[in-house]
Amino acid sequence: MVELKAKSALDGQSAVQIGAVRLQEVEGRKLSAIAPFAGADADLSEAMQRAHGFGFPEPGQVLQKGQARCVWFGHRQALLIDATPDETLAEFALVTDQSDAWCSVSAVGAATEDVLARLCPVDLHLRAFPVGHTARCPLGHINVSLTRVAADEFEITAFRSMAANLWHEVTAAAELVAARAALP
């Protein structure tokens, strides 16, 4: 009998410190896509509030209670992270397990904005893109969800099939920023 073993999207890629940025795959999370049925937005938001302690996010918004987060994920879409969706949500929305479909990388450190600025056409300064904000945008040639989770930390989420490309793009940009910072 064949014994299958689960692998992460980056297949165990070790965390790296490049200059003032630490990059690490975020593994083992429950991810659920939520897309409200037509006309059910308010009912869905109320059901989410009762079940999870937050409603459906507005564009660019991240809502959080404890470890559970709900990230705006595109037009009339959200991604519920680190929580099992309550069964009542299915009355008002399509709810789909996406845990194995996405790859997330955490980028932490003083140079994180500079690294991402080389790849992403979004103003990521803290005053323009504060903690709790998210955007769907290109990062290099990859479409991603980019979320600020702390003043010096971003989470970058891309299709699992783009995991190696995502890692390459971000590490290459981090190396360029680190090299520039090392100049006299």
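What you see is a predicted model; the values in this text were computed from it and never measured.

Criteria and cut-off values
In this convention, every chain numbers its residues from 1, walking through the sequence in written order. Where totals are concerned, whole chains, interfaces and linings use all residues; where local detail is concerned, this predicted model gives features only for residues with pLDDT of at least 70, and gives and counts side-chain atom pairs only at 80 or more. Each side-chain value is worked out from all heavy atoms of the structure, with water and hydrogens disregarded. Criterion used throughout: strands pair if DSSP finds at least two bridges between them. By the criteria applied, helices consist of DSSP H or I runs no shorter than four residues and strands consist of E runs no shorter than two, each listed in order from the N terminus. Here the axes come from fitting lines to C-alpha atoms, over the contacting stretch only for helices, and the angles between their N-to-C directions go from 0 to 180 degrees. What makes two residues a contact is simply this: any of their non-hydrogen atoms within 4.5 Å. Two aromatic rings from Phe, Tyr or Trp, using only the six-membered ring of Trp, form a pair when their centres are within 6.5 Å; if the ring planes differ by under 30 degrees the pair is stacked, by over 60 it is edge-to-face, and anything between is tilted. Here the term buried applies to any residue with accessible area under 20% of the maximum for its type, exposed to any over 50%, and partly exposed to those in between, with areas from a 1.4 Å probe on protein chains only. A pocket here means an open set of points on a 1 Å grid, computed over the protein atoms alone, that has protein on both sides within 12 Å along at least five of seven lines. A cavity is instead a set of points where a 1.4 Å probe fits but cannot get out; residues with an atom within 4 Å of a point line either one. Grid points are joined across faces, edges and corners, and a volume is the space filled by probe spheres set on the points. Basically, the charged four are Asp, Glu, Lys and Arg, the nonpolar ten are Ala, Val, Leu, Ile, Met, Phe, Trp, Tyr, Cys and Pro, and anything else, Gly included, counts as polar.

The subject of this paragraph is the sheet that holds strand E7 (residues 93-97). Sheet strands pair by backbone hydrogen bonding; their relative direction is either parallel or antiparallel. An order of E4-E5-E6-E3-E7 is seen for the five strands of this open sheet, with the pairing classed as antiparallel. If you trace the sheet from one side to the other, it starts and ends with strand E4 (62-65) and E7, each paired once. Adjacent strand axes in the sheet meet at a mean angle of 20 degrees when their direction is disregarded. Contacts from helix H1 (residues 41-52) reach strand E3 (31-36), E4, strand E5 (68-74), strand E6 (77-81) and E7, with the element oriented near 145 degrees to E3.

As a further point, take the packing of aromatic side chains. Scanning the model with the defined rule gives three aromatic pairs in all. Pairing tryptophan 102 with phenylalanine 159 gives two aromatic rings, centres 4.5 Å apart and planes at 20 degrees, and the pair type is stacked. Note that tryptophan 102 is positioned in strand E8 (residues 102-108) and phenylalanine 159 in strand E11 (residues 153-159), a separation of 57 residues in sequence. By relative accessible area, phenylalanine 159 is classed as partly exposed at 43%. Among the aromatic residues, those joined into a cluster by ring pairs are Phe73, Trp102 and Phe159.

The next subject is empty space enclosed by the protein. Evaluated as defined, the whole model comprises one cavity of 30 Å³ or more. Arg69, Val71, Phe73, Leu79, Ile81, Ser145, Thr147, Glu155 and Thr157 together form the lining of the largest cavity. Elements supplying a minimum of two residues to the lining of the largest cavity: E5, E6, strand E10 (142-150) and E11. At three residues, the largest contribution of residues to the lining of the largest cavity is made by E5. Residues that form the lining of the largest cavity fall into these classes: four nonpolar, three polar and two charged.

Here we take up the pairing of E8. With six of its seven residues buried, E8 lies for the most part within the structure. As judged from the five bridges shared by strand E2 (residues 21-26) and E8, these two strands associate in the antiparallel manner. In the strand pairing of E8, arginine 22 is matched with valine 108. In the sheet, E8 pairs with E11 via seven bridges, with the strands oriented antiparallel. Residue alanine 107 lies in a different strand from E11, and its bridge partner there is phenylalanine 154.

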